[in-house]
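Coordinates in review
Below, each chain spelled out in residue letters.
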Amino acid sequence: MQAFEYYSPTKLVFGLGCIKDKLSAEIKARGYHKVLLTYGGGSIKRNGLYDLVKSELTAAGCAIFELSGIEPNPRVTSVDAGAAMCKEHGIDLVLAVGGGSTMDASKAICAAACYNGPAWDLVLDGSKIKAALPLFTINTIAATGSEYDNAGVITNWDTKEKLPIGSPLLWPQVSFLDPSLTYTVPAIQTVAGSCDMMSHFFEAYFVRDLSPIAQGLIEAAERIAITYTPKALQEPTNYEARAKLLWASTLGCNGIACLGSSATIFPCHAIEHEVSAYYDITHGIGLAIITPRLLRFWLEKDPTVAPRYVDLATNIFGLRRDDYESEEALIEAGLKALEDFYASLGVPSGLSKLGVGSEHFAAMAEHIKTHWIASFDYCYVPMTNEDIVTVLDRSL
Ligand code: NZQ
Ligand code: ZN
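All residue numbers refer to position in the chain's written sequence, counted from 1. Throughout, the order in which chains and ligands are written sets their labels, letters from A for the former and numbers from 1 for the latter. Per-residue local features of the predicted model are confined to residues with pLDDT of at least 70, and side-chain atom pairs are confined, for both listing and counting, to 80 or more; whole-chain, interface and lining totals are unaffected and use all residues. Only hydrogens and water are set aside; all other atoms, that is, all heavy atoms of the structure, feed into the side-chain values.

Quick word on the nonpolar core
Generally speaking, a soluble globular protein has its nonpolar side chains buried in company with each other. Defined as follows: We call a set of buried Ala, Val, Leu, Ile, Met, Phe, Trp, Tyr and Cys residues a nonpolar core when their side-chain atoms join them within 4.5 Å. For the exposure calls, accessible area comes from a 1.4 Å probe over protein chains only, and a residue counts as buried if that area is under 20% of its type's maximum, exposed if over 50%, partly exposed in between. Secondary structure elements follow DSSP: runs of H or I no shorter than four residues count as helices, runs of E no shorter than two count as strands, and numbering proceeds from the N terminus. Where a domain begins and ends is set by an automatic assignment or by a domain database.
Core analysis: the biggest nonpolar cluster contains 80 residues, and F202, W298, Y309, Y342 and M383 have the highest contact counts within it. Top element by residues in this core is helix α11 (residues 283-301). It accounts for 10 residues. Counting contributing residues, this core receives three or more from each of domain 1 (11-182) and domain 2 (187-395).

What follows is the structure in structure tokens.
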């Protein structure tokens, strides 16, 4: 077991109908009066959540300011706009209502509101975040886990960069999780969210020294995604399916699944973010395309990693050793099961189907090492720039 320190100050409020009365109570208890309500393209207006939130804010006696239109793959321009509103109106609480994009942008807004300069400075150098406004979130999609972590991912469309922003000051203070709010998530976003969640747990799974507690958590979360994503697609208002997906995803990205294991550097995410930065693709879909290629590449480059692939086949996909004539056959069946699962959800067969070409792959590999991860040497199987390009080529 590796040593670790862990501190999460976020209060989670989970369950059917958990917004009503509790949101206003949490705000009143903390004495906030001027709220910036942030949201995306309007889904919260279509499903009634906006009205509920407004009535809670009114019940708490708050003045309400709004920033709408936060984009999927949120742009730094939205962050700067939100930070300017916070400064102009003396906002004392940011309330993010939406998915990962809204929550991520709102974290950056909280930081930029307390900084004298462009928000992008804080993305490039998180140590410049010395203060941040408090943040509440109401998460509306089982996906990123942003409601329960201290990071976000912001896109600068001018420089074609999509980079993380993080600070111990960016944990939400309170996050509300009502699974019924995810009933209206479109099928493609339900799929993308589950694939994103699966990737967060896979990133923590494919490490050299996996803690047994982490292994149990990760394998359970993967089985939940495999079992309940199809159920949620068939029956979007199935509460149990939505609830299980939402809670599993909440635990995916805050490091809990990494505690006690060797350090992980989230290599699949690093690669996917480069593709998103150039082509604005949906994060979870990009991950689902790249993941099997990356796993196959690692096994090919270093066959000593095979035991974890056996775990994938048996513990996650429930395949029985005795049914296969060799370990290689079992591993192949496990990888095939993963690929078939993604295909069954309608994940496109390759990045080229999303309009991605190979022309920027070398630049992406170089950029990852400059801005995301200094070295892929600590990856499950160490990777060179050429290796990254190979995985991207195979993902086309
Ligand atoms: O914008 P609206 O109208 O709200 O519609 C959204 C958007 O079109 C819609 N949606 C969300 N909840 C809905 C809903 N539609 C109907 N009913 C609902 N209940 O879904 C679309 C996608 O929303 P988005 O917020 O972009 O999705 P997601 O939660 O998957 O977030 C993706 C972003 O999060 C980043 C990704 O890179 C990407 O930019 N990530 C953030 C992480 C973090 N903070 O820790 C970690 C992740 O690995 C990820 O990188
Ligand atoms: Zn992700």
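Further notes follow.
A word on the environment of C253
Condition: When checking whether two residues touch, look at their non-hydrogen atoms; a contact exists if any pair is within 4.5 Å.
Along the chain, the position of C253 falls in the loop between α9 (239-250) and α10 (267-279). Judged by its relative accessible area of 25%, C253 is partly exposed. With 96 residues separating them in the primary sequence, C253 and W157 have C-alpha atoms 25 Å apart. Contact partners of C253, with chain neighbours within four places excluded, come to T144, D149, H200 and F266.

Concerning the pairing of strand β8 (residues 174-177)
Our working rule: A pair of strands counts as paired when DSSP detects no fewer than two bridges linking them.
The side-chain alternation of β8 yields two buried faces, one formed by V174 and F176 and the other by S175 and L177. Looking at chain direction, strand β1 (residues 11-14) and β8 are connected through four bridges and run parallel. Bridged to L12 within β8 is S175. Bridge count for strand β5 (residues 135-139) against β8 is three bridges, and the pairing is parallel. Bridge pairing in β8 places T137 opposite S175.

Considering the coordination of the zinc ion (ligand 2)
Put simply, the test is: Keep in mind that water is not among the atoms, so a site may look incomplete; donors are the N, O and S atoms within 2.8 Å of the metal, or 3.2 Å for Na, K and Ca.
Surrounding the zinc ion (ligand 2) are the protein donor atoms D196 (OD), H200 (NE2), H269 (NE2) and H283 (NE2), at 1.9 to 2.2 Å. Classification of D196 by relative accessible area gives buried; the value is 2%. Taking relative accessible area as the criterion, H269 reaches 5% and is therefore assigned buried.

Remarks on the domain arrangement of the protein
One frequent convention defines the size of an interface as the accessible area lost when the parts assemble. Selection criterion: Reported buried area values correspond to the accessible surface (1.4 Å probe) lost by two parts on association, with both partners' losses combined. Every case where a carboxyl oxygen of Asp or Glu lies within 4 Å of a side-chain nitrogen of Lys or Arg is listed as a salt bridge. Pairing of N or O atoms within 3.5 Å defines a polar contact, subject to two protein rules: one partner must be a possible hydrogen donor and the other a possible acceptor, and residues neighboring in sequence count only if both atoms are side-chain atoms. Lys, Arg, Asp and Glu make up the charged group, whereas Ala, Val, Leu, Ile, Met, Phe, Trp, Tyr, Cys and Pro make up the nonpolar group; the residues left over, Gly among them, are polar.
Partitioning the protein into domains gives domain 1 (11-182) and domain 2 (187-395). Here the C-alpha centroids of domain 1 and domain 2 sit 27 Å apart. Taken together, the 30 residues of domain 1 in the interface contact 28 residues of domain 2. Of the roughly 2400 Å² buried between domain 1 and domain 2, counting both surfaces, carbon and sulfur atoms make up 63%. Our count for the contact surface shared by domain 1 and domain 2 stands at one salt bridge. The closest approach of N and O atoms between D280 and R75, which form a salt bridge, is 3.1 Å. For the pair domain 1 and domain 2, the number of links is 10 residue pairs in polar contact (both at pLDDT 80 or more). Those elements that provide at least two residues to the side of domain 1 that touches domain 2 are β1 and β7 (161-166). Examining the composition of the side of domain 1 that touches domain 2, we find that four residues originate from one element, β7, more than from any other. Here the residues of the side of domain 1 that touches domain 2 sort into 16 nonpolar, seven polar and seven charged.

Remarks on the pattern of salt bridges
A complete count under the given rule lists 15 salt bridges for this structure. We note a salt bridge from K11 to E26, for which the minimum N-O separation is 2.6 Å. With K11 in strand β1 and E26 in helix α1 (residues 22-30), this residue pair connects regions lying 15 residues apart in the sequence. Of the residues examined, K11 reaches a relative accessible area of 39% and is grouped as partly exposed. Two residues, D149 and K107, come together in a salt bridge whose shortest N-O distance is 2.5 Å. Remark: K107 occurs in helix α5 (residues 100-112) and D149 occurs in the loop between β5 and β6 (151-156); sequence separation between them is 42 residues. When its relative accessible area of 5% is taken as the criterion, D149 is described as buried.

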